[in-house]
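The chain contents come next:
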Amino acid sequence: MILNTGSRTDIPAYYSNWFYNRIREGFVYVRNPFSPSQVTSYLLDPCVIDACVFCTKNPAPMMERLSLLSPFDTFWFVTITPYGQDVEPFVPPTDQVIRTFRQLSALVGPGRISWRYDPVFLTDKYSLSFHMEVFHRMAGMLAGYTDQCVVSFIDLYEKTKRNFKGVTGVTPEEQDLLISSFSETASKYGLQIHLCCENANLVRSHVDAGGCLSKAVLEQALDCRLDVPKRKAARSECTCLLGADIGAYNTCSHGCLYCYANYDRETVLRNRKLHNPGSPLLIGEIQEGDVIKAAEQKSWKNGQMELSDLL
């Protein structure tokens, strides 16, 4: 099975102490966001966890104790975008995250770390030409430290439109222009771009629409075959292995205006006050009436990949 940490919050940036405590104790509890009294228990055991997947805008707090994860295979998504504090008020500066990315790549290997350049949106400040130029510059700085990049365009959820006044989507024509430019950059720097839930018409050289955390991506990163059980997809157009997320919504303090996982800043601050690094739950404690159910866990690994599997 794949253990996910990043669809609901940024655990490496804000909850690394809690996560390492969970690794030490060997289990974690996860409250169902849609039925809060239902709690799932996961064993944190490399015998049944094929990879711990992280998605973060700031992996730095994890770095000093990374050796504690040595029994596990890991895969990292690090989001590096060109937006300023007007959009991402509490995200570290871009050049700082790039330096951390390169340090992390040296530790885990370039095949187990992916650069996320998303979400892409357009404003007077963040124009088509701006994205083309900055993407090219960032790709050059990350060349050799990763072989893949995830790109997606902003989804205008109601909470996004409420929190990010004036933002507009990217038209199909604008998407085509951007992806054409990104494709040329990817070819120059040896990157494979994975589109995240975007139109398959955008597929071209060095650009695919197979998903960012697909079976194929993980098999190549882990150098093994995975027998993934059939399950309902997180989204109908998505083939990624996004189940078993141990995070919680409304808990990330980056404050990004486009965030889909936070309702508003006040809710985040209120929830963070309930965080206890010693609790098996990310937020709060087990309450009377909670029903704890052990997850069904088993390894999906099935033999080492052959060269022919990668061709």
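Residues numbered from 1 in each chain as written. Predicted model: local features only at pLDDT ≥ 70, side-chain atom pairs only at ≥ 80, totals over all residues. Heavy atoms only, no water.

1. A look at the pairing of strand 3 (residues 38–43)
Part 1 of the reasoning: In terms of strand pairing, strand 2 (residues 27–31) meets strand 3 through five bridges, oriented antiparallel. When the bridges of strand 3 are listed, Phe-27 appears paired with Leu-43.
Part 2 of the reasoning: Linking two consecutive strands that pair antiparallel, namely strand 2 and strand 3, is a turn of six residues.
Part 3 of the reasoning: Where strand 3 meets strand 11 (residues 291–294), four bridges bridge the pair, whose relative direction is parallel. Note on strand 11: the bridge partner recorded for Thr-40 is Lys-293. (Pairing = 2+ DSSP bridges. Helix = DSSP H or I, 4+ residues; strand = E, 2+ residues; numbered from the N terminus.)

2. Examining the sheet that holds strand 6 (residues 113–120)
Part 1 of the reasoning: Taken in spatial order, the seven strands make up an open sheet running 1-4-5-6-7-8-9, and their pairing is parallel. Strands with a single pairing partner mark the edges of an open sheet, and in this sheet they are strand 1 (2–4) and strand 9 (207–208).
Part 2 of the reasoning: Examined bridge by bridge, strand 7 (residues 148–153) and strand 8 (residues 192–195) share four bridges and lie parallel to one another. Directly across from Cys-149, in strand 8, lies its bridge partner Ile-193.
Part 3 of the reasoning: Helix 6 (residues 172–189) rests against strand 6, strand 7, strand 8 and strand 9 of the sheet, and its axis sits at about 175° to strand 7.
Part 4 of the reasoning: On top of the sheet, helix 7 (residues 215–222) reaches strand 1, strand 4 (51–56), strand 5 (74–79), strand 7 and strand 8; it is set at about 120° to strand 5, its chief contact. (Contact = heavy atoms within 4.5 Å. Axes fitted to C-alpha atoms, helices over the stretch in contact; angles between N-to-C directions.)

3. Focus on the pattern of salt bridges
Part 1 of the reasoning: Tallied over the full model, the rule gives twelve salt bridges.
Part 2 of the reasoning: Residue Asp-73 pairs with Arg-112 through a salt bridge whose shortest N-O separation is 2.8 Å. On the criterion of sequence distance, the pair formed by Asp-73 in the loop between strand 4 and strand 5 and Arg-112 in the loop between helix 3 (94–108) and strand 6 is long-range, its members being 39 residues apart.
Part 3 of the reasoning: Judged by its relative accessible area of 22%, Asp-73 falls in the partly exposed class.
Part 4 of the reasoning: Residue Asp-95 is joined to Arg-137 by a salt bridge in which the shortest nitrogen-to-oxygen separation is 3.8 Å. Highlighted residues: Asp-95 in helix 3 and Arg-137 in helix 4 (residues 128–142), separated in sequence by 42 residues.
Part 5 of the reasoning: Each of Arg-22, Arg-24 and Glu-25 takes part in a single network of salt bridges with overlapping partners. (Salt bridge = Lys/Arg side-chain N within 4 Å of Asp/Glu carboxyl O. Buried < 20%, exposed > 50% of the residue type's maximum accessible area, 1.4 Å probe, protein only.)

4. Structural notes on the packing of aromatic side chains
Part 1 of the reasoning: Counting across every chain of the model gives 18 aromatic pairs.
Part 2 of the reasoning: Centre to centre, the rings of Phe-19 and Tyr-20 are 6.3 Å apart; their planes meet at 65°, and the pair counts as edge-to-face.
Part 3 of the reasoning: Residue class for Tyr-20 comes out buried when judged on its relative accessible area of 4%.
Part 4 of the reasoning: Between Phe-121 and Tyr-126, the ring centres sit 5.9 Å apart and the planes meet at 85°, which makes this aromatic pair edge-to-face.
Part 5 of the reasoning: Looking at Arg-22, its charged tip hangs above the ring of Phe-27, at a distance of 4.9 Å from the centre.
Part 6 of the reasoning: A cation sits over an aromatic face here: Arg-116 above Phe-77, 5.5 Å from the ring centre. (Phe/Tyr/Trp six-rings, centres within 6.5 Å; stacked < 30°, edge-to-face > 60°. Lys NZ or Arg CZ within 6 Å of the ring centre and 35° of its normal.)

5. Some details on unusual backbone geometry
Part 1 of the reasoning: Asp-118 connects to Pro-119 through a cis peptide bond whose omega is 0°.
Part 2 of the reasoning: Mapped onto the elements of the fold, Pro-119 is located in strand 6.
Part 3 of the reasoning: Here His-206, not a glycine, exhibits a phi torsion of approximately 65°, which is positive.
Part 4 of the reasoning: Position of His-206 among the secondary structure elements: in the loop between strand 8 and strand 9.
Part 5 of the reasoning: On the basis of relative accessible area, His-206 is assigned to the partly exposed category, the value being 27%.
Part 6 of the reasoning: Not every positive phi belongs to a glycine, and Asn-250 is a case in point at roughly 60°.
Part 7 of the reasoning: Residue position: Asn-250 is located in the loop between strand 10 (224–226) and helix 8 (265–272).
Part 8 of the reasoning: Here Asn-250 falls in the buried class, since its relative accessible area comes to 17%.

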